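Fold and geometry: a report
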2 protein chains.
Amino acid sequence: MKTLSQNRCFGGTQGVYSHASDACGVDMTFGLFVPEEAALGPVPVLWFLSGLTCTHENAMIKAGMQGWAAEQGIAVVFPDTSPRGEGVANDDAFDLGQGAGFYVNATQAPWAPHFRMWDYISRELPDLIGANFALDMDRQAITGHSMGGHGALTLAMGLPGRFRSVSAFAPICHPTQSDWGRKQFTAYLGADESAWAAHDATLLMKDKGFDGPVLIDTGTADQFGDLLGTEHLAAAMAARRQDGVLRLQKGYDHSYFFIATFMEDHVDFHAQALYA
Amino acid sequence: MKTLSQNRCFGGTQGVYSHASDACGVDMTFGLFVPEEAALGPVPVLWFLSGLTCTHENAMIKAGMQGWAAEQGIAVVFPDTSPRGEGVANDDAFDLGQGAGFYVNATQAPWAPHFRMWDYISRELPDLIGANFALDMDRQAITGHSMGGHGALTLAMGLPGRFRSVSAFAPICHPTQSDWGRKQFTAYLGADESAWAAHDATLLMKDKGFDGPVLIDTGTADQFGDLLGTEHLAAAMAARRQDGVLRLQKGYDHSYFFIATFMEDHVDFHAQALYA
């Protein structure tokens, strides 16, 4: 693991690190905020999965997350959204290939060799940060934005017992029925739709739900509202009687200005679960 | 005036606008956060002047300022740091020309036609926003970072009665004796150093000080510490018995992670003066 940068931030350290990833077969970069409490002992961990076109950096500099995490004594991991670089497949579209990993393990050419973001986020990166920083990997929570909200919800429901709480900002909720999903799952997972269900938050909510609290914020003025399919997840949550809150935030769009506005609520929500 | 974007943000509106500037003889772009209280009547205004290489956008997305401003019911203006575009003089160095206006009116070729940032910030932009938004221009305060901290301090002391309070993050404090200053003042203002004094915070502090409270934060690990000349302003403030606080923040560098960490303190500091 290589340290690319470290900046003092809200009493803790905002670092950026890179490492040779087995899962993705290429060097991967991630951000990690560690609060000052980590000097006294392992601290809980909150994951922030980013959306289309983002790297590890966007949320790290634009979401205003570190201040609230510092207040709660929680570390925050900011992974990249896909493998990158020469030799890694790509597409001209912004919503496929590099920057658009969709948190799945690709099985199809040309994506299969590197696009293994499910394994990377669920197995390799937790092992790496757990071994190298004072983090309490028994206390994890997860959130994300848009494609990263999809990732947070599907990882939380797909790995029972791993995360104590899950939240999302404007998540893609029902990708198997959206243009943000069908195109990518066809490319990464193939035409057989039975392989897609494990990566659809609405289907997972219908099938098994989440054993913990759920918080979702989506703006009423979200310019991608039709692609998100919020109504399907809302119906599934209500039908299951899932412990959860869905907030439709009046006038907010899909931007980081929206995310920053409600970040305090999300970090506090996770802190409550992590310190329960 | 043209609206380039508006995003709902902490209950208010983060806008980006452009306009044909008389002072700079070119179109200028600025950001403006207006809190929801502006719907009820004019709100106080806090200026944030940015540093070298920045546009109106950096602080707007990285400083975490809007949340605290919303809490206090204060608007925030994010001006650009220089004129830009074709036909505007420039230099290959990052610290001269476009992105490096130093908040002066240039008198020398090739800068004189467009580099009139003092007039732009002190006269034209206040008139424009005062006429177009629900802002109380009798209640203004100013802050900034690095070159923008220099701008905040020199405008505050150079325009007595205009600003109720001034603060700065890692400001350039004594540009007439620094490589961040001598080079630019020679280019913009000419070799006669008597024209420089009005743009040196340390000299202004010695000469007249500021009729209100001053707050300055600078990191002990600032990688540009030698260029800032903090010790000279510190000595001048102490000698004058200026109402003010200078905080040397242990371990912090020159980045926006440092700015974001102490932004709450600065907004609260200005709110106290603006609502006094």
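Reading the values: rules and limits
Residues numbered from 1 in each chain as written. Chains lettered and ligands numbered in written order. Predicted model: local features only at pLDDT ≥ 70, side-chain atom pairs only at ≥ 80, totals over all residues. Heavy atoms only, no water. UniProt positions renumbered as here; feature names shortened; annotations may be inferred. Phe/Tyr/Trp six-rings, centres within 6.5 Å; stacked < 30°, edge-to-face > 60°. Helix = DSSP H or I, 4+ residues; strand = E, 2+ residues; numbered from the N terminus. Buried < 20%, exposed > 50% of the residue type's maximum accessible area, 1.4 Å probe, protein only. Pairing = 2+ DSSP bridges. Axes fitted to C-alpha atoms, helices over the stretch in contact; angles between N-to-C directions. Contact = heavy atoms within 4.5 Å. Least-squares fit on C-alpha atoms with pLDDT ≥ 70 in both. 1 Å grid on protein atoms, 1.4 Å probe; cavity = no way out; pocket = protein on both sides within 12 Å on 5 of 7 lines; lining within 4 Å.

An unreviewed UniProt entry lists chain A under the name S-formylglutathione hydrolase, with Yoonia vestfoldensis SKA53 given as the organism. Taken from UniProt, the Catalytic activity (unreviewed entry) comment for chain A reads in full: "S-formylglutathione + H2O = formate + glutathione + H(+)". On record in UniProt, under Sequence similarities (unreviewed entry), the comment for chain A is "Belongs to the esterase D family."

**Examining the packing of aromatic side chains**
Each aromatic ring pair is characterised by the separation of its centres together with the angle its planes make. Residue and element names in this part refer to chain B. Taken as a whole and assessed by the stated rule, the structure comprises 29 aromatic pairs over all chains. The interplanar angle of 90° and the centroid separation of 5.5 Å between the aromatic rings of Trp111 and Tyr188 together place this pair among those described as edge-to-face. Of the two residues, Trp111 is situated in the loop between strand 5 (75–79) and helix 3 (117–132) and Tyr188 in helix 5 (residues 182–189); the sequence distance between them amounts to 77 residues. Judged by relative accessible area, Tyr188 falls into the buried class, the value being 0%.

**Let's talk about the sheet that holds strand 6 (residues 135–144) of chain B**
Overall, mixed pairing links the nine strands, which are arranged 1-2-3-5-4-6-7-8-9 (chain B) in an open sheet. The sheet is open, and its two edges are formed by strand 1 (2–9) and strand 9 (244–249) of chain B, each paired on a single side. Between one strand axis and the next, the sheet turns through 20° on average, direction left out of account. Two strands pair when backbone bridges link them, and strand 1 of chain B and strand 2 (residues 12–21) of chain B are joined in this way by seven bridges, in the antiparallel orientation. Considered in strand 2 of chain B, the bridge of B:Thr3 is made with B:Tyr17. The strands touched by helix 9 (residues 256–274) of chain A are strand 1 and strand 2 of chain B; relative to strand 1 of chain B, the strand with the most contacts, the crossing angle is about 30°. Sheet contacts for helix 9 (residues 256–274) of chain B: strand 4 (43–49), strand 6, strand 7 (163–169), strand 8 (214–219) and strand 9 of chain B; angle to strand 7 of chain B, the most-contacted strand, approximately 165°.

**Section: the relation of the copies chain A and chain B**
At an RMSD of 0.0 Å, chain A and chain B line up after a rotation of 180° and a shift of 0.0 Å along the axis. When the rotation and shift are considered jointly, the pair of chain copies conforms to a two-fold rotation axis. Comparing interface residues between copies, 100% of those in chain A also sit at the interface in chain B, which points to an isologous, same-surface contact.

**Concerning the UniProt feature "active site" (unreviewed entry) in chain A**
Residues and elements named next belong to chain A. In this structure's numbering, the residues bearing the UniProt feature "active site" (unreviewed entry) are Ser146, Asp222 and His254. In terms of the greatest pairwise C-alpha distance, the residues named above, spread along 109 residues, form a tight cluster of at most 10.7 Å across. Of the annotated positions mentioned, Ser146 and His254 line the second largest pocket. Note on placement: Asp222 falls in the loop between strand 8 (214–219) and helix 7 (225–228). Those residues in contact with Asp222 that sit more than four places away from it in its chain are Ala170, Leu228, Tyr252, Asp253 and His254. One can find His254 in the loop between strand 9 (244–249) and helix 9. Apart from the residues lying within four places of it in its own chain, the contact partners of His254 are His145, Ser146, Ala170, Trp180, Asp222, Gln223, Phe224 and Leu228.

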